[in-house]
Amino acid sequence: MASIAARARPLAISADLSVERKLAGINIFIAFAALAVGGLMGVLQILRYNGLDLYTPAKPLLPGGYYQGLTVHGVLNVLVFTTFYIIGFLTYIFAKALNRPLASSRLAWATLWVMVSGLLLAAIPLLTNNATVMFTFYPPLKADSLFYIGLTMVVAGTWLLLVNMILTRNAWLADNPGQRTPLPAFMAIVTMLMWTIATIGVASEMIFLVIPWSLGLVGGTDPVLARTLFWFTGHPIVYFWLLPAYISWYTLVPAQAGGKLFSDPMARVSFILFLILSIPIGMHHQVADPGISEMWKLVHAVFTFGVFFPSLLTFFNVVASLEYAGRRNGGEGWLAWIFNLPWGKPEISAQLVAMMLFAFGGISGLVNASYNVNLVVHNTSWISGHFHLTVGTAVALSFMGITYWLVPHLTGRALWSRSLGVAQAWLWFVGMGLFSHFMHELGLRGMPRRSDIGGAPYVQDEWRFFLFFAMIGGLIMFVSAIFYYLNMIMTLTRGKKLAEVPDITFARALSGPEDAPKILDRLLVWVTVAAVLILINYLPTIIDIISTATFDIPGRRVW
Amino acid sequence: MKDKKFISYLFEVAWILPSVAIPVSMMVAILVTAFAVGVRVPTSAGRVSVSAVVAGTDATFSQTGLREIAPGRYEAIMLAQTFMYTPNTIEIPAGSKVTFVLTSKDVIHGFKIEGVPVNVMVIPGQVSRVTATFDKPGEYLIVCHEYCGAGHHVMFGKVIVN
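Here is a short report on the structure shown in this document. None of these values were measured; they are calculated from a predicted model.

1. Some points on the overall build of chain A
At step 1: Counting its regular elements, chain A contains 17 helices and two strands.
At step 2: For 559 residues, the compact-globule estimate of 2.2 N^0.38 gives 24 Å, and chain A sits close to it at 23 Å.
At step 3: With respect to the three principal axes, the spread of C-alpha positions in chain A is 65 × 50 × 45 Å.
At step 4: By the burial criterion, 64% of the 559 residues in chain A qualify as buried.
At step 5: For chain A, the accessible surface area stands at approximately 19400 Å², while carbon and sulfur atoms represent 70% of it.
At step 6: Seen as two clouds, the 33 positive and the 24 negative side-chain charges of chain A have centres 8 Å apart.

So, in structure tokens, the structure goes:
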């Protein structure tokens, strides 16, 4: 633990992390600006599903109507919001845990500028209805090439943070021989390692297939190869979103709740398992695809069940840490200790209710991964219901919860209203709970995802009842979002100047890193294991697709 | 509270064992339904030339429609394109077993039939082949469930079982 390292030298001065603080602030600001626009699109969608069409008045801003709005919703919420927030949060947490600035501040700024340039490039076709291809941009749908180039730059920017982290950790290890990498820094670098390996898929898709094709350098492409490379990244991206929330749940929430982390070694093991198992499972998103053998789909399904294990370890470790905190606060009984957690703190409330909904998201995710059971739910609104619990709640609400302490920490201004923060968290819980439940129900009754249901001729009568309640949930979420943005704007402009800015306290562990096998810190070993599993699970399929592909499928603009 | 008392191996084992047992037993259930009951997922069914399909010169897809290949056994050759299936309606007697053979003329489409385990992507250049048995009379809704452009939501079809 960082705190242990710091305590060993009680007079250690806090390192100057002004660059990292600025970068965290800028990235998180961009992230929430994107979420505001992306989230608003969601409100238009759920109203349209119930026959209230706001796309006509919005036409000057949103010429592509529902499908452009849906693309904006997906791209801004799950690609822009998540990536910028994560890069900002990990930059700062990593440096803070090592009590050391990043090795190269120039590289740190370059990370931001490459990502921002990419975002601006991609935004041009996105906002002018020239990239209405959803965040999955499956060829032969063909967007303006700036969209692909921009998104590729955002991804490439994130790689620079990994380079910086490796340089920084190596320097730290040289200065602290024999010491274990502090848990938050360990988790941050493992997350970025996993992500960088995972993005080989989408980067290859962009660089070798989609960008040359969208520029007109080649006449055709191969949609199955593109999909396979997309999902190579598209499944592990969910762990890229989740692991930063886990970092908060493991290393910050236990301390904020008044307790300790239950087990540091178990946390390290679960992150190493995520590094190894997140990637060689992407084809469970392609169960319904032709052109891929059912045996490889089955292998990926089996490995997906494997990655369920570190999720359960996380669940156990985090809940055990919370139980310890609850009991330290005077809680008793089997479950009554839950009431002794500091529910009045918005950062705690938000993350605890995020965890509760995440349990259900995990369960519906198991259904998605379950090979033939997937046929019941594939591409129905069940899937949208599922990921609104995972990325839409476990990740997004945790990220909001983190800002309830991080924004005061970074700006030196007290949160404008703590009770509004608590109310915001619970409203999100109720709104998303309703919305997501009814989206799952609709999916089981055959409602397709991504379809402009308000204009669909095949809407079944029984769907209308569920659509109404999904809308109620969506509107409650909208109120929650207004509370969040109001609180943040007031904090930034009117928040009371704090006399003393609270420092970050990382949780100490009941069972510390000294109990963890040393090999867990040897990242090269685990990267090698991950690479071997990826080659085994992907190479035969990719070779098969490339050897039979004709690369002659032309692009289409169908919107 | 004593920290040592809180950490107990029994506590950890009591969690780790179910954490292994739950996914393993679910996986076994899936394997049984797939290979003993026979609920399989789409697999490779070969490639096809998009230009030949569009030109109407492909041997299989130049003749779309339903044909009986054995008593009670049918084959439906279908094309997906923005924003329709050809043919759009399949009519069969109850108890029929139908193999759907599809491809796309343009972008990726979806093909899901409500009420039977048919759910497959229809990708240009690829053949999708799925089979289902229709026991109960009635209308089965076919929906395109992959975004295929501005008219995605009007793309649907029907299986009518008499």
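2. Comments concerning the packing of helix α11 (residues 294-328) of chain A against helix α2 (residues 9-37) of chain B
At step 1: Contact geometry for α11 of chain A and α2 of chain B: axes closest at 10 Å, N-to-C directions at 155 degrees. With respect to α2 of chain B, the axis of α11 of chain A lies roughly antiparallel. With respect to the hand of their crossing, α11 of chain A and α2 of chain B are arranged in right-handed fashion.

3. Comments concerning the nonpolar core
At step 1: Formed by 212 residues in total, the largest nonpolar core has its most connected members in F147 of chain A together with F100, F111, I113, F134 and V159 of chain B.
At step 2: A per-element tally of this core places helix α3 (residues 65-98) of chain A first, with 22 residues.
At step 3: If we skip the residues at most four places from it in the chain, F111 of chain B touches M78, Y85, F100, L102, V118, N119, V120, V122, I142, V143 and H145 of chain B.
At step 4: Listed in part, the 13 residues of the second largest apolar core include L298 and A301 of chain A together with M27 and A34 of chain B.

4. Some points on the side chain of S321 of chain A
Residues and elements named next belong to chain A.
At step 1: Inspection of the secondary structure puts S321 in helix α11.
At step 2: By relative accessible area, which is 1% here, S321 ends up buried.
At step 3: Non-local contacts of S321, meaning those with residues more than four positions away in its chain, are made with P254, K260, L261 and F262.

5. Here's the deal with the side chain of D222 of chain A
At step 1: Mapped onto the secondary structure, D222 of chain A falls in the loop between α6 (183-214) and α7 (223-234).
At step 2: Residues contacting D222 of chain A, with those up to four places away along its chain left out, are L209, I545, A549 and F551 of chain A together with R47 of chain B.

6. Considerations on the packing of helix α2 (residues 18-49) of chain A against helix α16 (residues 461-494) of chain A
All names here are of chain A.
At step 1: The interhelical angle for the contact between α2 and α16, taken along N-to-C directions, is 155 degrees, at an axis separation of 9 Å. With respect to each other, α2 and α16 are oriented roughly antiparallel. The two elements α2 and α16 meet at a crossing, and its hand is left-handed. Seen from α2, the contacting residues are F32, L35, A36, L40, V43, I46, L47 and Y49; seen from α16, they are L467, A470, M471, L475, F478, Y484 and Y485.
At step 2: Looking at the contact of α2 with α16 residue by residue, the class counts come to 15 nonpolar, no polar and no charged.

7. Things to note about unusual backbone geometry
At step 1: Note the cis peptide between P139 of chain A and P140 of chain A, where omega equals 10 degrees.
At step 2: Tracing the chain through its elements places P140 of chain A in the loop between α4 (105-127) and α5 (145-175).
At step 3: Here T82 of chain B and F83 of chain B are connected by a cis peptide whose omega angle stands at -10 degrees.
At step 4: The residue F83 of chain B is located in the loop between β2 (73-81) and β3 (84-86) in this model.
At step 5: Residues other than glycine seldom take positive phi values, yet R450 of chain A does so here, at roughly 65 degrees.
At step 6: Topologically, R450 of chain A is positioned in the loop between α15 (418-444) and α16.
At step 7: Overall, R450 of chain A belongs to the buried group, its relative accessible area being 8%.
At step 8: Phi angles above zero are rare outside glycine, and F551 of chain A is one such case at about 50 degrees.
At step 9: For F551 of chain A, the position within the fold is in the segment after α17 (523-548).

About the thresholds
- Residues numbered from 1 in each chain as written.
- Chains lettered and ligands numbered in written order.
- Predicted model: local features only at pLDDT ≥ 70, side-chain atom pairs only at ≥ 80, totals over all residues.
- Heavy atoms only, no water.
- Helix = DSSP H or I, 4+ residues; strand = E, 2+ residues; numbered from the N terminus.
- Rg over C-alpha atoms; globule rule 2.2 N^0.38 Å.
- Buried < 20%, exposed > 50% of the residue type's maximum accessible area, 1.4 Å probe, protein only.
- Areas by Shrake-Rupley, 256 points an atom, 1.4 Å probe, with all protein chains shown as cover.
- Lys, Arg positive; Asp, Glu negative; His and termini not counted.
- Charge placed at Lys NZ, Arg CZ, Asp CG, Glu CD.
- Axes fitted to C-alpha atoms, helices over the stretch in contact; angles between N-to-C directions.
- Parallel < 35°, antiparallel > 145°, perpendicular 65-115°, else oblique.
- Left-handed = near helix turned anticlockwise from the far one by under 90°.
- Core = buried A, V, L, I, M, F, W, Y, C linked by side-chain atoms within 4.5 Å.
- Contact = heavy atoms within 4.5 Å.
- Nonpolar A, V, L, I, M, F, W, Y, C, P; charged D, E, K, R; others polar.

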